[in-house]
Amino acid sequence: MSDQEAKYFDLLTAGLGYINRVRDVTPEEGNPFTSVTLAALRGSADNAQYTHFECRVAGKQAKAVVPALKAAVEGDRKVLVGFTLSGLYPEAFTYTKGEKAGETGISLKARLLRIGWAKVDGEPIQIEQAA
């Protein structure tokens, strides 16, 4: 590797969780992209907690899988996935409605690279595994 080549450090996060929203985003500047909200499970199975991630669908494999899951998500079906995220970072925002209006909150952002497996309403579905 020469000194002129770009070097990166990967921060990867793996887990399982529910996809709550799939949406197409068209920013004022830049290229359109697909985004999902993941409610990742953590803690004891007897009292699981959720951590929410706002994810840009970035990996080639995830870009192939997410459109196949979109109809199930929009149909209010439970879509549980095993996922790999990269580049996790926090972003502050201000609540505009409700009891927390005016307060600062934190949103966790990441890039969705891969979905290793998926279940829709508890039934496994076959997904594209090619990277």
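Structure: above.
Rules behind the numbers
Residues numbered from 1 in each chain as written. Predicted model: local features only at pLDDT ≥ 70, side-chain atom pairs only at ≥ 80, totals over all residues. Heavy atoms only, no water. Helix = DSSP H or I, 4+ residues; strand = E, 2+ residues; numbered from the N terminus. Contact = heavy atoms within 4.5 Å. Phe/Tyr/Trp six-rings, centres within 6.5 Å; stacked < 30°, edge-to-face > 60°. Buried < 20%, exposed > 50% of the residue type's maximum accessible area, 1.4 Å probe, protein only. 1 Å grid on protein atoms, 1.4 Å probe; cavity = no way out; pocket = protein on both sides within 12 Å on 5 of 7 lines; lining within 4 Å. Points joined across faces, edges and corners; volume = space filled by probe spheres on them. Nonpolar A, V, L, I, M, F, W, Y, C, P; charged D, E, K, R; others polar. Core = buried A, V, L, I, M, F, W, Y, C linked by side-chain atoms within 4.5 Å.

A. Here's a closer look at the environment of Val73. Within the fold, Val73 resides in helix H1 (residues 60-74). Spatially, the C-alpha atom of Val73 lies 14 Å from that of Glu123, the residues being 50 residues apart in sequence. In contact with Val73, not counting residues within four places along its chain, are Ile19, Asn20, Arg21, Val22 and Val79.

B. Structural detail: the packing of aromatic side chains. For the coordinates displayed, the defined rule picks out 1 aromatic pair. Centroid distance Phe93 to Tyr95: 4.9 Å. Interplanar angle 65 degrees. Geometry classified as edge-to-face. Overall, the relative accessible area of 32% leaves Phe93 in the partly exposed class. Judged by its relative accessible area of 28%, Tyr95 falls in the partly exposed class.

C. Main features of the layout of surface pockets. Put simply, the largest pocket is a space of about 150 Å³. Along its surface, the largest pocket is lined by Arg23, Phe33, Ser35, Glu54, Cys55, Arg56, Tyr89, Lys109, Ala110 and Arg111. Mapped onto the lining of the largest pocket, the elements with two or more residues apiece are strand E2 (33-42), strand E3 (49-57) and strand E5 (104-120). Class assignment for the residues of the lining of the largest pocket results in 4 nonpolar, 1 polar and 5 charged.

D. Region of interest: the nonpolar core. Core analysis: the biggest nonpolar cluster contains 24 residues, and Ile19, Val36, Leu38, Val81, Leu112 and Ile115 have the highest contact counts within it. Those elements giving two or more residues to this core turn out to be strand E1 (12-25), E2, E3, H1, strand E4 (79-94) and E5. Counting residues per element, this core draws most heavily on H1, at 6 residues. Setting aside chain neighbours within four positions, we find Leu38 in contact with Tyr18, Ile19, Thr51, His52, Phe53, Cys55, Val81, Phe83, Leu85 and Leu112.

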